[in-house]
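Chain by chain, the residues:
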Amino acid sequence: MDINSQTLRSAYLGFSAAFQTGFASVNSMYARVATVVPSSTKTQEYGWLGKLPRFREWIGDRVVNGLAKHGYSLTNQSYENTIGVDRDDFDDDNLGIYAPLFQEFGASAASFPDELVWPFLKNGFGTKCYDGQFFFDTDHPVLDENGNLISVANTDGGAGTPWFLLDVTRPLKPLIFQDRKKFNKLVRMDKEDDPNVFNKKEYQYGLDGRCQVGFGFWQMAWGSKQTLDDAHYETARATLGGMKGDHGRPLAIQPKLLVVPPTLEGAARRVIANERKANGGSNEWFNTAEVLVVPWLA
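Residues numbered from 1 in each chain as written. Predicted model: local features only at pLDDT ≥ 70, side-chain atom pairs only at ≥ 80, totals over all residues. Heavy atoms only, no water.

A. The side chain of asparagine 154, seen in detail. The topology assignment puts asparagine 154 in the loop between strand E6 (149-152) and strand E7 (155-158). Among the polar contacts listed, one links the side chain of asparagine 154 to the backbone oxygen of tryptophan 218, at a separation of 3.2 Å. In contact with asparagine 154, other than residues within four places in its own chain, are Phe135, Phe136, Asp137, His140, Trp218, Ala221, Trp222, Gly223 and Met243. (Helix = DSSP H or I, 4+ residues; strand = E, 2+ residues; numbered from the N terminus. Polar contact = N/O pair within 3.5 Å; in protein donor to acceptor, adjacent residues only side chain to side chain. Contact = heavy atoms within 4.5 Å.)

Structure (structure tokens):
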């Protein structure tokens, strides 16, 4: 192959098309549990997470709700991925072997948010959220009806494989994916005087992006390392459904999504996907939530 600006551009267009094909092929899951928040700065503040205002009867002047400040912020991080193509493969007209590689490159870019979000959820037993407690904890501080500080749990502990029951029906989901720069634009370094070409006879194609992952409201999530069975599922549903905000305000949490790793799919389906129990009796938990099996939790 005669290597010139036209052949290099044609190769780039072919690689980009393969990249986009791979990107579009991914069935991403992270948006099921994470609200995507566009970011325009290095660090985004989420101090308002501590308290949401409630309505009151209008008597006299308006009462302005001051949002509690908790100092919770997310700083975007930069990530990159780069592929090198040997110039000999251009010379030998052997570029067809790279099509599957660039398709996989695109798939990797599309699934990268999943690689961040799901392990972050799994690490919620040891990662702090806006109130300074671990996201899944037994002593989140909340004010009761009388204004007294009490501790509220959104986990029942355990030492087994973690599973999660979530309310994902609200505008703000249990997790936050902060999107500063998307991972969807393939760039190239393929000029003859580029250092990588001159020194290594290698054409490089890469992409980069900026983002961060954080926690939203812990009240919308239950994390457990107990055995996934009827009793522990009932505990999770009852506790989430009874969640209250400050001053005893019911939060009307609707736990509709049961998130499990592949090893717990069978247990999850026995609890909520089977209409009948093993003994033939009715399953009171049938269809009370959707089972979401997440390979990134394996």
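Next comes the rest of the account.
B. Examining the sheet that holds strand E14 (residues 290-293) more closely. Read across the sheet, 5 strands follow the order E7-E12-E8-E13-E14 without closing on themselves; strand pairing throughout is mixed. The open sheet has two free edges, formed respectively by E7 and E14, since each of these has just one partner strand. Within the sheet, the average angular offset between the axes of one strand and its neighbour, ignoring direction, is 20°. Looking at chain direction, strand E8 (residues 163-166) and strand E13 (residues 257-260) are connected through 3 bridges and run antiparallel. The residue bridging leucine 166 from the neighbouring strand is leucine 257, located in E13. (Pairing = 2+ DSSP bridges. Axes fitted to C-alpha atoms, helices over the stretch in contact; angles between N-to-C directions.)

C. Summary view of the packing of helix H1 (residues 5-24) against helix H3 (residues 99-122). At a minimum axis separation of 6 Å, H1 and H3 run at an interaxial angle of 45°. One way to sum up the angle between H1 and H3 is to call them oblique. You can see that H1 and H3 cross each other, and the crossing is right-handed. For the pair formed by H1 and H3, the contact residues are Phe15, Ala18, Phe19, Gly22 and Phe23 on the first element and Ala99, Phe102, Gln103, Phe105, Gly106, Ala107, Ala109 and Ala110 on the second. Partitioning the contact of H1 with H3 into residue classes produces 10 nonpolar, 3 polar and no charged. (Parallel < 35°, antiparallel > 145°, perpendicular 65-115°, else oblique. Left-handed = near helix turned anticlockwise from the far one by under 90°. Nonpolar A, V, L, I, M, F, W, Y, C, P; charged D, E, K, R; others polar.)

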